[in-house]
Protein chains: 2
Amino acid sequence: MKLSGERFKVIYSLTGNAEEARKKAKDICYEQTVEFPEDLIPSGIIKEEIVGKIEDLIKIEENRFKATISYAIEITGFEITQILNIIFGNISIKPGIKVENIQFSDLLLKHFKGPRFGRSGIRKLLDVPNRPILCTALKPMGLSPQQLADFAYQFAKGGIDIIKDDHGIANQEFCPLEKRIKSCCEAVEKANRETGYNCLYMPNIGGPLEKIRDKIMMAKETGVGGLLLCPGLIGFDICRQLTENDDILLPVLAHPALLGSFVTSRENGISHGIIFGQLMRLIGADAIIYPNYGGRFSFTPEECKSIVEMTQSPMAHFSPIFPAPAGGMTMNRIPEMLDFYGNEVIFLIGGDLHRHGKNLIKNSKKFKKLVESL
Amino acid sequence: MKLSGERFKVIYSLTGNAEEARKKAKDICYEQTVEFPEDLIPSGIIKEEIVGKIEDLIKIEENRFKATISYAIEITGFEITQILNIIFGNISIKPGIKVENIQFSDLLLKHFKGPRFGRSGIRKLLDVPNRPILCTALKPMGLSPQQLADFAYQFAKGGIDIIKDDHGIANQEFCPLEKRIKSCCEAVEKANRETGYNCLYMPNIGGPLEKIRDKIMMAKETGVGGLLLCPGLIGFDICRQLTENDDILLPVLAHPALLGSFVTSRENGISHGIIFGQLMRLIGADAIIYPNYGGRFSFTPEECKSIVEMTQSPMAHFSPIFPAPAGGMTMNRIPEMLDFYGNEVIFLIGGDLHRHGKNLIKNSKKFKKLVESL
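Residues numbered from 1 in each chain as written. Chains lettered and ligands numbered in written order. Predicted model: local features only at pLDDT ≥ 70, side-chain atom pairs only at ≥ 80, totals over all residues.

Draft legend 1. Spatial organisation of the interface of chain B and chain A. Contact with chain B, which involves 68 residues of that partner, is made by 68 residues of chain A. Mapped onto the side of chain B that touches chain A, the elements with two or more residues apiece are helix H2 (45-50), helix H3 (80-88), helix H9 (231-234) and helix H10 (236-244) of chain B. Among the elements that line the side of chain B that touches chain A, the one with the most residues is H3 of chain B, at 6 residues. Of the residues in the side of chain B that touches chain A, the class split is 31 nonpolar, 27 polar and 10 charged. (Contact = placed C-beta atoms within 7 Å. Helix = DSSP H or I, 4+ residues; strand = E, 2+ residues; numbered from the N terminus. Nonpolar A, V, L, I, M, F, W, Y, C, P; charged D, E, K, R; others polar.)

Draft legend 2. Spotlight on helix H1 (residues 18-31) of chain A. All names here are of chain A. Taking 1.5 Å of rise per residue, 14 residues should cover 20 Å, and H1 covers 20 Å from first to last C-alpha, within 8% of that figure. Looking only at H1, the buried set comprises Ala21, Lys24, Ala25, Ile28 and Glu31. Take H1 and look down its axis: the buried residues cluster within an arc of 135°, on one side only. Summarising the geometry of H1, the exposed residues directed more than 90 degrees from the buried face are Ala18 and Glu19. (Expected span 1.5 Å × (residues − 1). Buried ≥ 20, exposed ≤ 12 C-beta atoms within 10 Å, placed from the backbone. Arc of directions from axis to C-beta.)

Draft legend 3. Local environment of the sheet that holds strand S3 (residues 64-72) of chain B. Residue and element names in this part refer to chain B. The 5 strands lie next to each other as S2-S3-S1-S4-S10, forming an open sheet whose pairing is mixed. Strand pairing shows two members of the sheet lacking a second neighbour, strand S2 (53-61) and strand S10 (269-270), which therefore form its edges. Both strand S1 (residues 7-15) and S3 contribute to a ladder of 9 bridges, which runs antiparallel. For Ser13, the partnering residue across the bridge sits in S3 and is Lys66. The strands touched by H3 within the sheet are S1, S3, strand S4 (97-103) and S10, with S4 carrying the most contacts at an inclination of about 125°. (Pairing = 2+ DSSP bridges. Axes fitted to C-alpha atoms, helices over the stretch in contact; angles between N-to-C directions.)

Draft legend 4. Spatial organisation of the relation of the copies chain B and chain A. Superposing chain B onto chain A requires a rotation of 180° together with a translation of 0.0 Å along the rotation axis, leaving an RMSD of 0.0 Å. Taken together, the rotation angle and the small translation identify this as a two-fold axis. When C-alpha positions in chain B are compared against the rotation axis, the closest is assigned to Gly235 of chain B, at 2.2 Å. When the interface residues of chain B are mapped onto chain A, 100% of them again lie at the interface, so the same face is used by both copies. (Least-squares fit on C-alpha atoms with pLDDT ≥ 70 in both.)

Draft legend 5. Structural detail: the sheet that holds strand S5 (residues 133-138) of chain A. All names here are of chain A. Taken in spatial order, the 4 strands make up an open sheet running S7-S6-S5-S13, and their pairing is parallel. Strands at the two margins of the open sheet, each flanked by one partner only, are strand S7 (200-202) and strand S13 (346-348). For this sheet, the mean angle separating the axes of adjacent strands, direction not counted, is 25°. The pairing of strand S6 (residues 162-165) with S7 spans 3 bridges and is classified as parallel. Looking at S7, one finds that Ile162 is bridged to Leu200.

Draft legend 6. Quick peek at the pairing of S1 of chain B. The sheet contact formed by S1 of chain B and S4 of chain B spans 6 bridges and is antiparallel. What sits directly across from Tyr12 of chain B, in S4 of chain B, is Val99 of chain B.

Draft legend 7. How the structure looks around the domain arrangement of chain A. Residue and element names in this part refer to chain A. Domain parsing of chain A yields domain 1 (7-109) and domain 2 (118-373). Between domain 1 and domain 2, the C-alpha centre-to-centre distance is 34 Å. Contacts between the two partners involve 16 residues from domain 1 and, on the opposite side, 15 residues from domain 2. Going through the elements one at a time, helix H3 (80-88), strand S4 (97-103) and helix H4 (106-109) are the ones with two or more residues in the side of domain 1 that touches domain 2. Looking at which element gives the most residues to the side of domain 1 that touches domain 2, the answer is S4, with 6 residues. (Domains from an automatic or database assignment.)

Draft legend 8. Layout of the confidence of the model for chain A. On average, residues of chain A score 97 in pLDDT, and 100% of them are at 70 or above. Here the prediction assigns the complex a pTM of 0.97, and the interface score ipTM is 0.97. (pLDDT = per-residue confidence, 0-100.)

Draft legend 9. Representation of the pairing of S4 of chain A in the model. Relative to strand S10 (residues 269-270) of chain A, S4 of chain A is paired through 2 bridges, and the arrangement is parallel. The partner of Lys98 of chain A across the bridge, within S10 of chain A, is Gly269 of chain A.

Draft legend 10. Inspection of unusual backbone geometry at higher detail. Look at the link from Gly207 of chain A to Pro208 of chain A: it is a cis peptide, with omega at -5°. With respect to the element layout, Pro208 of chain A can be found in the loop between S7 and helix H8 (212-222). Backbone geometry places Asn63 of chain B, a non-glycine residue, at a positive phi of 60°. With respect to the helices and strands, the residue Asn63 of chain B is situated in the loop between S2 and S3. For Asn63 of chain B, a count of 14 C-beta atoms within 10 Å translates into the label partly exposed. Even without a glycine there, the phi angle at Phe78 of chain B is positive, about 55°. With respect to the secondary-structure elements, Phe78 of chain B resides in the loop between S3 and H3. A tally of 21 C-beta atoms within 10 Å means that Phe78 of chain B is categorised as buried.

Draft legend 11. Seen up close, the packing of helix H7 (residues 177-195) of chain A against H8 of chain A. All names here are of chain A. Where H7 meets H8, the axes come as close as 10 Å, and the angle between the chain directions of the two elements is 20°. The orientation of H7 relative to H8 falls into the category roughly parallel. Judged by the twist between their axes, the crossing of H7 over H8 is right-handed. In this structure, H7 contributes Leu177, Glu178, Ile181, Lys182 and Cys185 to the contact, and H8 contributes Lys215, Met218, Ala219 and Thr222. (Parallel < 35°, antiparallel > 145°, perpendicular 65-115°, else oblique. Left-handed = near helix turned anticlockwise from the far one by under 90°.)

Draft legend 12. The arrangement of the environment of His167 of chain B in detail. Residue placement: His167 of chain B occurs in the loop between strand S6 (162-165) and helix H7 (177-195). His167 of chain B sits 39 residues away from Gly206 of chain B along the chain, and the two C-alpha atoms are 9.1 Å apart. Excluding its chain neighbours within four sequence positions, the residues that come into contact with His167 of chain B are Asn85 of chain A together with Asn204, Leu228, Cys230, His255 and Ala257 of chain B.

Draft legend 13. Up close: helix H8 (residues 212-222) of chain B. Residues and elements named next belong to chain B. By the burial criterion, the buried members of H8 are Ile212, Lys215, Ile216 and Ala219. Angularly, the buried residues of H8 cover 100° about the axis, an arc narrow enough to put them on a single face. Among the exposed residues of H8, those oriented more than 90 degrees off its buried face are Asp214 and Glu221. Immediately beyond the C-terminal end of H8, within one or two residues, lies Gly223, with a positive phi of roughly 110°.

Draft legend 14. A look at the packing of helix H6 (residues 145-157) of chain B against H7 of chain B. Residues and elements named next belong to chain B. In the contact formed by H6 and H7, the axes pass within 8 Å of each other and the chain directions differ by 25°. Regarding the angle of H6 to H7, the classification is roughly parallel. Once H6 is placed against H7, the crossing between them reads as right-handed. Touching Pro145, Gln146, Leu148, Ala149, Asp150, Ala152, Tyr153, Ala156 and Lys157 of H6 are Lys179, Arg180, Ser183, Cys184, Glu186, Ala187, Val188, Lys190, Ala191, Asn192, Glu194 and Thr195, all from H7. The residue makeup of the contact of H6 with H7, split by class, is 10 nonpolar, 4 polar and 7 charged.

Printed below as a string of structure tokens:
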């Protein structure tokens, strides 16, 4: 066995005093690789290169340290599942360890295609070169395909750029996927013909996974403009598989469902920027939805900024992707959000678009006008 | 739209005082279903049946409540991805909400096959009717297929029942999956011919997921006795898809990699029993590996007991599955563990089997003798 010597780095925060932190850092090096007692590993390449290496360990505050640990890129097998495993597999079960940052190696990243559209690709499809992108969701669950399609028509007619299914709208008997896709595609195409806009409809596609590729090909043939995928529900590598597939080649909006437990603790888990920024780019999402500060959820402005940062930080050949802050956003917050996010953002307003009267065309126009006027 | 009226129940613990808890419970009912402002939903079936219902809300301690919320089974679309989404999708991002228990409905569960072998099926394959099952892992990462196969031969020869790959042994260039499977199958078959035992070799199979079915079929044709799958890495519905596939039909040992963040907090996440017990049965695992109390990890005896309980509690047509406590277990703990777990358990000892001299046949025999003598 001979390895290239190329390594990637994961930065963990660790709780404890200096001695405990050093012990934890060393434990990570073994737990995430060989999972074998140190004293039983003979000297040689396994001990010297396969086991993780502490590159740096510094105190960041009382009882809190930052450890930089490097891993040989070859131990990932260049698979997403094994990359996740090396980064945080077993140690997700140990308290007081959080993944704060990752410095991938270009030689590792070259095995993945990354976002196929990214910010610029989505702007091109929409023909919206500069301003924030306007997005909404079809809901509530329980409506029929025709009722959702009626909403979709009005949203598209009013100038919304991206219309996605709510992520809880799956393939329920009262709203079958195929029928919904057909109705919503027709509705949005009709509106586009009338407005001249390029509104994109993005259905939510989930399990059962035996059929996910077929369902997506059906959706593509029917004319969808992209896909809503939930990596926490369907799996990170499934997303990678779908985004890398050249037959599919549709923009992907990723949704954070079920991923919250990675970020709710300060001391354990994966940082906001990594899970909602860098890892989403790794699996080829073109935009990531997350709960904005000050909405129904509890992210702080700093956490939102860290996500934005990671959607655009240099990462080999990976394009920047759009942050899509959501979760109870309202029109009256647009000026503040524009201030906070600038133009490189997808504004996702769901329920609030229904709050300004029954005419959704009018409400959507109001949303668009508001964004364009600022 | 007409629903059956059948509902399943999720029991959440909520932090806060009585008013905050009631508010949180109500929020869950909407967030996990319609994601729509309550006052904008017209009365009718959506409000009455699609929205979650608070069935019960009781104080369990100061600033902590238990809410039972029911959901119409139809909103799951009878998909694993959407079941996970309903149970904990969006609210995973909200602090102070933890899934403590689930009472599935038989009408919901009948859509899934569940464990194909379970405890009795594994016992039958091994011809081990009563005693605890003996298991070990092939490691450390960095060894060649031939070196791992040599270990496998010794373990099987010494009487280990199940030999699994370490979950970090993927498809790295220095240990390619196909070659490893071939070598290890040959080694275990040779030992079985010599001993008359039915030792099962279970390789770890992960991404890329385009090829997972083909890899598993190759493994089956080569003669593996089962599979090691990591639902946290490959996705829960992928596991369900693989276990339900009649062409595959191999026992599955599930590994907890990356799932730790769901259980590390007392106030947010999913309880040990649900994520490592009930959900593993839902996706068809026949055994679940988890870190035993008192090892390298931090589960308590009570948490381990709750996992055991959920591997065997009544659950429609779903067989009981094996708990496989692991994570730094040593031979000298066997008497205590036998006391704690009884016979319905898989004892997984990894590194420690290497600690008693280089002769792994002898060490394995010692392990077996110890278990049989008690």
